[in-house]
Amino acid sequence: MSGSLGRAAAALLRWGRGGGLWSPGVRTAGSGAGGGSGSGSTEHLDALVKKDKVVVFLKGTPEQPQCGFSNAVVQILRLHGVRDYAAYNVLDDPDLRQGIKDYSNWPTIPQVYLNGEFVGGCDILLQMHQNGDLVEELKKLGVRSALLGEDKDQDSK
């Protein structure tokens, strides 16, 4: 990670330790009805990533992330006011954990999907947050970032 990216991630992590990570609209989901049976299959993963507008595969849950990178993703979504998303704990299911890595061809967790498309991990989401791309991507999903505030004129900058 670059210096400024690392500092921003560290600041988000410190800020997130204050509690209040969970939002009522966040749906934490098990890895699937089979509890491991087929949970890493391409068909199952395809259904999971396309089921909701925002999907996150993380270590732990949004209420209790089990790694700093997963916590940072949760905090970035929280900063933008994204309350309605599905979160899958890969620590609950080794097949899901390996399957999502194979599905995306991305070796690390967390992984973020917007409208069924793989976005990236913590570093990519943080970069999108910093350069304003995340606001635009959320807008495409019909989600107005909380960082825009109430002033609608900010959209026309």
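Parameters at a glance
- Residues numbered from 1 in each chain as written.
- Predicted model: local features only at pLDDT ≥ 70, side-chain atom pairs only at ≥ 80, totals over all residues.
- Heavy atoms only, no water.
- UniProt positions renumbered as here; feature names shortened; annotations may be inferred.
- Phe/Tyr/Trp six-rings, centres within 6.5 Å; stacked < 30°, edge-to-face > 60°.
- Helix = DSSP H or I, 4+ residues; strand = E, 2+ residues; numbered from the N terminus.
- Buried < 20%, exposed > 50% of the residue type's maximum accessible area, 1.4 Å probe, protein only.
- Core = buried A, V, L, I, M, F, W, Y, C linked by side-chain atoms within 4.5 Å.
- Contact = heavy atoms within 4.5 Å.
- Pairing = 2+ DSSP bridges.
- Axes fitted to C-alpha atoms, helices over the stretch in contact; angles between N-to-C directions.
- Parallel < 35°, antiparallel > 145°, perpendicular 65-115°, else oblique.
- Left-handed = near helix turned anticlockwise from the far one by under 90°.
- Salt bridge = Lys/Arg side-chain N within 4 Å of Asp/Glu carboxyl O.

- As named in an unreviewed UniProt entry, the protein is Glutaredoxin-related protein 5, mitochondrial, taken from Oryctolagus cuniculus.
- UniProt, in the comment section headed Function (unreviewed entry), describes the protein in these words: "Monothiol glutaredoxin involved in mitochondrial iron-sulfur (Fe/S) cluster transfer. Receives 2Fe/2S clusters from scaffold protein ISCU and mediates their transfer to apoproteins, to the 4Fe/FS cluster biosynthesis machinery, or export from mitochondrion. Required for normal regulation of hemoglobin synthesis by the iron-sulfur protein ACO1."
- For the record of the protein, the UniProt heading Subunit (unreviewed entry) holds the text "Homodimer. Interacts with ISCU. Interacts with BOLA1."

1. Focus: the packing of aromatic side chains
Link 1 in the chain: On inspection of all chains with the given rule, the structure shows five aromatic pairs.
Link 2 in the chain: Aromatic pair Tyr-103 and Tyr-113: ring centres 6.3 Å apart, planes at 50 degrees, arrangement tilted. Placement of Tyr-103 in helix 4 (residues 94–104) and of Tyr-113 in strand 4 (residues 111–114) is noted, with a sequence separation of ten residues between them.
Link 3 in the chain: On the basis of relative accessible area, Tyr-103 is assigned to the partly exposed category, the value being 26%.
Link 4 in the chain: Relative accessible area serves as the criterion here: at 1%, Tyr-113 is assigned to the buried category.
Link 5 in the chain: On the basis of an interplanar angle of 50 degrees and a centroid distance of 5.3 Å, the ring pair of Tyr-113 and Phe-118 is categorised as tilted.
Link 6 in the chain: Ring pairs connect the aromatic residues Phe-57, Tyr-88, Tyr-103, Trp-106, Tyr-113 and Phe-118, which therefore count as one cluster.

2. Quick look at the nonpolar core
Link 1 in the chain: Val-54, Val-56, Val-73, Leu-77, Tyr-85 and Leu-134 are the most contacted members of the largest nonpolar core, which has 20 residues in total.
Link 2 in the chain: Mapped onto this core, the elements with two or more residues apiece are strand 2 (54–58), helix 3 (68–79), strand 4, helix 5 (122–131) and helix 6 (133–140).
Link 3 in the chain: Those residues in contact with Val-56 that sit more than four places away from it in its chain are Val-73, Leu-77, Tyr-85, Ala-86, Ala-87, Tyr-88, Gln-111 and Val-112.
Link 4 in the chain: Core analysis: the next-biggest nonpolar cluster, separate from the first, contains twelve residues, Val-49, Val-55, Tyr-88 and Val-90 among them.

3. Description of the pairing of strand 5 (residues 117–120)
Link 1 in the chain: Alignment of strand 4 against strand 5, held across three bridges, turns out to be antiparallel. The residue of strand 5 that forms the bridge with Tyr-113 is Phe-118.

4. Let's talk about the packing of helix 3 against helix 5
For any two helices packed against each other, the geometry comes down to the angle between their axes and how far apart the axes lie.
Link 1 in the chain: Between helix 3 and helix 5, the shortest axis-to-axis distance is 9 Å and the interhelical angle comes to 30 degrees. Taken together, the axis directions place helix 3 and helix 5 in an arrangement best described as roughly parallel. At the point where helix 3 passes helix 5, the crossing takes the left-handed sense. Residue-level inspection shows Phe-69, Ala-72, Val-73, Ile-76 and Leu-79 of helix 3 in contact with helix 5, the latter providing Cys-122, Leu-125, Leu-126 and His-129.

5. Things to note about the pattern of salt bridges
Link 1 in the chain: A full pass over the atoms with the stated rule returns three salt bridges.
Link 2 in the chain: Across the pair Glu-136 and Lys-139 runs a salt bridge whose closest N-O atoms are separated by 3.7 Å. A residue pair is termed a helical-turn pair when its members lie 3 or 4 positions apart in one helix, as Glu-136 and Lys-139 do in helix 6 at three residues.
Link 3 in the chain: Residue classification places Glu-136 among the partly exposed positions, given a relative accessible area of 40%.
Link 4 in the chain: When the shortest N-O distance is used, the salt bridge between Lys-140 and Glu-137 registers 3.0 Å. Here Lys-140 pairs with Glu-137, and both are found in helix 6, just three residues apart, close to one helical turn.
Link 5 in the chain: For Lys-140, a relative accessible area of 64% translates into the label exposed.

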